[in-house]
Amino acid sequence: MKATAIAPSNIAFIKYWGRTDTGGLRLPANGSISMNLSGMTTTTTVEFDPSYSDDSITIDGAEDSGESARVTEHLDRIRATAETHYRARVVSRNGFPSGTGLSSSASGFAALTVAACSAIGLSLPERELSVLARRGSGSACRSIPDGFVEWHAADTTAGSFSESLFPPDYWDICDIVAIVSSEKKDVPTTKGMQQAATSLFYLTRLNHIPEKIVRIKDMIARKDFKHFGELVESEALEMHAVMMTQIPPLMYWSVGTLQLMKAVRKWRCDGIPAYVSVNTGQDVHVITEKTNAADVAARIRQEPYVKDLIINMPARGARTVDTHLF
Ligand code: DP6
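Cut-off values and rules
- Residues numbered from 1 in each chain as written.
- Predicted model: local features only at pLDDT ≥ 70, side-chain atom pairs only at ≥ 80, totals over all residues.
- Heavy atoms only, no water.
- Helix = DSSP H or I, 4+ residues; strand = E, 2+ residues; numbered from the N terminus.
- Rg over C-alpha atoms; globule rule 2.2 N^0.38 Å.
- Buried < 20%, exposed > 50% of the residue type's maximum accessible area, 1.4 Å probe, protein only.
- Contact = heavy atoms within 4.5 Å.
- Areas by Shrake-Rupley, 256 points an atom, 1.4 Å probe, with all protein chains shown as cover.
- Pairing = 2+ DSSP bridges.
- Right-handed = clockwise from strand over helix to strand, strands pointing away.
- Salt bridge = Lys/Arg side-chain N within 4 Å of Asp/Glu carboxyl O.
- Near = heavy atom within 4 Å.
- Polar contact = N/O pair within 3.5 Å; in protein donor to acceptor, adjacent residues only side chain to side chain.
- 1 Å grid on protein atoms, 1.4 Å probe; cavity = no way out; pocket = protein on both sides within 12 Å on 5 of 7 lines; lining within 4 Å.
- Sits in = over half its atoms within 2 Å of the grid points.
- Expected span 1.5 Å × (residues − 1).
- Bend = angle between axes of the 7 residues up to and from the residue.

Engineer: Can you lay out the overall build of the protein for me, pointing to particular residues and giving the numbers?
Structural biologist: When helices and strands are counted, the protein shows eight helices and eleven strands. For the protein, the C-alpha radius of gyration of 19 Å lies close to 20 Å, the compact-globule estimate for 326 residues. With the C-alpha coordinates of the protein rotated into their principal frame, the extents come out at 65 × 40 × 40 Å. Here the protein holds 326 residues, and the buried ones make up 55% of them. Restricting to contacts in the protein with at least 6 residues of sequence separation, those with at least 24 account for 76%. For the protein, the accessible area works out to roughly 13,800 Å², and carbon and sulfur atoms hold 52% of it.

Have a look at this one:
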């Protein structure tokens, strides 16, 4: 009863910030649109065994990663669905820094969902896997389907699922993640999001999201990079405007974040089509087309505060693999 899955993290072009429920269902207040990231994956092996007396969870070599309670809760959901009480051994490895705002919970809970369901013998359709992954971490539901993905907002848990809009090879968008600091974020996303509605701008933002979703889907369909990039960047800034005006305010950026944002603006004036996005952390996603990726990566590398780069192309969603971690 052992299975292993690999899942990508994802970057949201239209972002999830705020939930409608307080009962732990992680129902988002708005729909979102994302792309899976080829260079930022989590691999997870899960084994259920009647002889285990407790769950044991090792993440990146550490048995007490601080995530164990959330992982056990997620295993409980899967055990309830499969009607079993078997405990599990879970070993998970992130191929990129975790807990710094690079959405390791998206890849982590997507990989855990697919590995645990497979190990326990639950064969669920993609839509149900995405609903299950959402219960672990909202953005994880977008890491289940392939490529460019839409996550639907709904009043019911079954209605809030993700589906693929386009396969990974549809459009050669490159997301270069510039690591500007390895500091862990001080306010976790789940907690920060609870206060979203205290921002005066929150409702205004929510009212505009359906129209933005229509626009971004059209821009992706037409591969209109300029208008797509402008919308992606303004959407990220808008989400951070809500964060900064919440009570208490949330400020995830560091000096390096702002410096790189300004540098990208300058490169645009020089004719380089690149745009930024930032999540709940200080690192910057610089989005460009593959044809300009080498040039943009070289420019990012020259910035003194950039410590490392992760170059991502659109990727497949979560899937099982044959090689186990134990
Ligand atoms: C800013 O999915 O990490 O990255 O549901 O509490 O686990 P939880 O939150 P999470 O939130 C991601 C927020 C974001 C925007 C986005 O990816 O859409």
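Engineer: Account for the pairing of strand E3 (residues 56-59), with residues named and values stated.
Structural biologist: Relative to strand E4 (residues 87-94), E3 runs parallel, the two sharing four bridges. The partner of isoleucine 57 across the bridge, within E4, is valine 90. With helix H1 (residues 68-82) bridging E3 and its parallel neighbour E4, the resulting β-α-β unit is left-handed.

Engineer: Summarise the pattern of salt bridges; cite the residues concerned and give the values.
Structural biologist: If you walk through the whole model with that rule in mind, you get 17 salt bridges. The salt bridge involving glutamate 235 is made with lysine 212; its shortest N-O contact spans 2.6 Å. Pair noted here: glutamate 235 is in helix H6 (residues 225-244) and lysine 212 is in helix H5 (residues 202-222), with a separation of 23 residues, a long-range link. Judged by relative accessible area, glutamate 235 falls into the buried class, the value being 0%. The network of salt bridges with shared partners includes Asp55, Asp76, Arg79 and Arg87.

Engineer: I'd like a rundown of the site of the ligand, residues and numbers included.
Structural biologist: The full set close to the ligand counts 17 residues, and Tyr16, Arg70, Ser137, Ser139 and Thr190 are the nearest of them. Contacts to the ligand include arginine 19, whose side-chain N or O atom sits 3.1 Å from an oxygen atom. The separation between an oxygen atom of the ligand and a polar side-chain atom of serine 139 is 2.6 Å. Calculation on the ligand without its partners gives an accessible area of 460 Å², and the protein chains cover 97% of this total. Assessed atom by atom at 2 Å from the grid points, the ligand resides in the largest pocket. The leading source of residues in the shell around the ligand is helix H4 (residues 189-194), at three residues.

Engineer: Explain unusual backbone geometry to me, using residue names and the numbers behind them.
Structural biologist: Omega for the bond connecting isoleucine 247 with proline 248 falls within 30 degrees of zero, at -5°, which places this linkage in the cis form. Within the fold, proline 248 resides in the loop between H6 and helix H7 (255-269). In this structure, arginine 26 is a non-glycine residue whose phi angle is positive, near 55°. Its location among the elements puts arginine 26 in the loop between strand E1 (2-14) and strand E2 (32-49). Residue classification places arginine 26 among the buried residues on the basis of a relative accessible area of 13%.

Engineer: Go over H5 with me, naming the residues and quoting the values.
Structural biologist: Taking 1.5 Å of rise per residue, 21 residues should cover 30 Å, and H5 covers 30 Å from first to last C-alpha, within 8% of that figure. The largest bend in H5 amounts to roughly 40° and is located at isoleucine 209, with the proline proline 210 lying one to four residues further along. Along H5, the positions that sit buried rather than exposed are Tyr202, Arg205, Leu206, Ile209, Lys212, Ile213, Ile216, Met219 and Ile220. Contact partners of the buried residues in H5: E1, E2, strand E5 (148-151), strand E6 (162-166) and H6. Once H5 ends, the next one or two residues include lysine 223, with phi positive near 55°.

All we've got here are geometric facts, nothing functional implied.
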